[in-house]
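Each chain is listed here by its residues.
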Amino acid sequence: MPILILFLAILAAILFWYIRNRLKSARINRISHRPLSIEWITILSTNVRIYPLLNDVLKNELHGYINIFLDEKIFYGRDGIEINDEIRLTVAGNACLLLLQGMKNTFPGFTSILIYPDTYVAHQTKQESGLSTNEVSARAGESWMRGPVILSWADVVRGIKHPGDGHNVVIHEFAHKLDEQDGVMDGLPVLRDKSQYAEWAKVLNAEYVSLQERVKHGTNKVIDSYGAVSPPEFFAVVTESFFEKPILMKHRLPKLYEQLEKFYNIDPASWHHKK
């Protein structure tokens, strides 16, 4: 009898898990197919500068990811800023560019997005030689491991107004969210195929060292110098450049561009050529 009860309990748990996941999948599928309003399309066209360059297939895929993203994530205004559709659509639209062509999820592991009206002050404790020191720094955004994404709305808008400058704080912080999905933020995201890891490591490591040398000698052109700080920041910064400066990156750093093209499964340089 105890064995039968245990068997029935396990069976019930499996059935519950199956039904829950089927319901979740059906719900996500329903949400992803909601049409976007004209007002929302207008916001995307203005505040996601790549959006007008996408074909209809990619636009529809992006719409689906945006719907799921907005259903799953909760926005919180800080320092008096009020969350509205423009803020939500702008963040969702830019973030979900990273998911095009079948990334299959919308940044799992966290739900909160904190929006400050402008650059905000962050406090950080550092340990060095057994001593703790408190550092204060002004930031445009940050991504906490398994925690919230924090963004300065003024810096988000600044990036929108200067397309092609290589700076997009939303793309930067959500690249960190892709990076952390294997449980560690180290500049190595989960790749689409196991066979890609060796070439990825070879190219990305070489390009990281090369960037550090270019920064040291003042000859850096394509990637923001902040990428030389650490491998996680390198991945986030090169992702910004991949979407913001694709033609220049493809021309000057073709091996790096190729790895990012394989990872994101898209070729943004081709979108700009069709403009």
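To be clear, the structure that these remarks concern was listed above.
Notes on the structure follow. (Residues numbered from 1 in each chain as written. Predicted model: local features only at pLDDT ≥ 70, side-chain atom pairs only at ≥ 80, totals over all residues. Heavy atoms only, no water.)

The number of helices and strands found in the chain is eleven helices and six strands. By the burial criterion, 44% of the 275 residues in the chain qualify as buried. Taking all contacts inside the chain whose residues are at least 6 apart in sequence as the whole, residues at least 24 apart take part in 65%. Carbon and sulfur atoms make up 57% of the accessible area of the chain, which amounts to about 15,000 Å² in all. (Helix = DSSP H or I, 4+ residues; strand = E, 2+ residues; numbered from the N terminus. Buried < 20%, exposed > 50% of the residue type's maximum accessible area, 1.4 Å probe, protein only. Contact = heavy atoms within 4.5 Å. Areas by Shrake-Rupley, 256 points an atom, 1.4 Å probe, with all protein chains shown as cover.)

A separate point is the nonpolar core. Formed by 68 residues in total, the largest nonpolar core has its most connected members in Phe69, Phe174 and Tyr264. For this core, the leading source of residues is helix H8 (residues 231-244), giving seven residues. Residues Leu114, Tyr116, Tyr120 and Ile150 belong to the second largest nonpolar core, which totals five residues. (Core = buried A, V, L, I, M, F, W, Y, C linked by side-chain atoms within 4.5 Å.)

Remark: the empty space left among the atoms is shown by a probe the size of a water molecule rolled over them. Space inside the second largest pocket adds up to approximately 270 Å³. If you trace the second largest pocket, you find 18 residues lining it, with Arg49, Ile50, Pro163, Gly164 and His272 closest to the centre. Looking at the lining of the second largest pocket, the elements with two or more residues in it are helix H5 (153-161) and H8. Tallied by class, residues from the lining of the second largest pocket come to nine nonpolar, six polar and three charged. (1 Å grid on protein atoms, 1.4 Å probe; cavity = no way out; pocket = protein on both sides within 12 Å on 5 of 7 lines; lining within 4 Å. Points joined across faces, edges and corners; volume = space filled by probe spheres on them. Nonpolar A, V, L, I, M, F, W, Y, C, P; charged D, E, K, R; others polar.)

Here we come to the packing of helix H4 (residues 85-96) against helix H6 (residues 169-179). In the contact formed by H4 and H6, the axes pass within 8 Å of each other and the chain directions differ by 60°. Looking at the two axes, H4 sits oblique to H6. Crossing angle aside, the handedness with which H4 passes H6 is right-handed. Residues Val91, Asn94 and Ala95 of H4 pack against Val170, Ile171 and Phe174 of H6. Split into classes, the residues belonging to the contact of H4 with H6 amount to five nonpolar, one polar and no charged. (Axes fitted to C-alpha atoms, helices over the stretch in contact; angles between N-to-C directions. Parallel < 35°, antiparallel > 145°, perpendicular 65-115°, else oblique. Left-handed = near helix turned anticlockwise from the far one by under 90°.)

In this structure the tally under the stated criterion is eight salt bridges. Linking Lys177 and Glu180 is a salt bridge whose minimum nitrogen-to-oxygen distance equals 3.4 Å. The same class applies to Lys177 and to Glu180, which are both buried. The partner of Lys216 in a salt bridge is Glu213, with the nearest N and O atoms 3.4 Å apart. Here Lys216 pairs with Glu213, and both are found in helix H7 (residues 197-217), just three residues apart, close to one helical turn. Of the residues examined, Lys216 reaches a relative accessible area of 61% and is grouped as exposed. (Salt bridge = Lys/Arg side-chain N within 4 Å of Asp/Glu carboxyl O.)

The next subject is unusual backbone geometry. Even without a glycine there, the phi angle at Asp79 is positive, about 55°. With respect to the secondary-structure elements, Asp79 resides in the loop between strand E1 (74-77) and H4. With phi around 60°, Asn265 is a residue other than glycine that occupies positive phi space. Tracing the chain through its elements places Asn265 in the loop between helix H10 (254-264) and helix H11 (268-273). A residue is classified by how much of its surface remains accessible, and Asn265, at 37% relative accessible area, is partly exposed.

Further remarks concern the sheet that holds strand E6 (residues 149-152). With respect to topology, four strands assemble into an open sheet ordered E1-E2-E6-E5, the strand pairing being mixed. Every interior strand has two partners, whereas the edge strands, E1 and strand E5 (141-143), have only one. Strand-to-strand twist of the sheet, defined as the mean angle between neighbouring strand axes without regard to direction, takes the value 20°. Looking at chain direction, E5 and E6 are connected through three bridges and run antiparallel. (Pairing = 2+ DSSP bridges.)

What follows concerns the environment of Tyr51. Tracing the sequence through the fold places Tyr51 in the loop between helix H2 (38-47) and helix H3 (56-72). Judged by relative accessible area, Tyr51 falls into the buried class, the value being 3%. Placed 46 residues apart in sequence, Tyr51 and Leu97 show a C-alpha to C-alpha distance of 8.8 Å. In contact with Tyr51, not counting residues within four places along its chain, are Ile41, Leu44, Ser45, Lys59, Leu62 and His63.

Here we take up the pairing of E6. Looking down a regular strand, the side chains alternate between one sheet face and the other. Residue alternation in E6 divides its side chains into two sets, Val149 and Leu151 and Ile150 and Ser152, and both sets are buried. Here four bridges tie strand E2 (residues 112-116) to E6, and the two strands are oriented parallel to one another. Bridge pairing in E6 links Ile115 to Leu151. Connecting E5 to the next strand, E6, in antiparallel fashion are five residues, including Arg146 with a positive phi near 55°.

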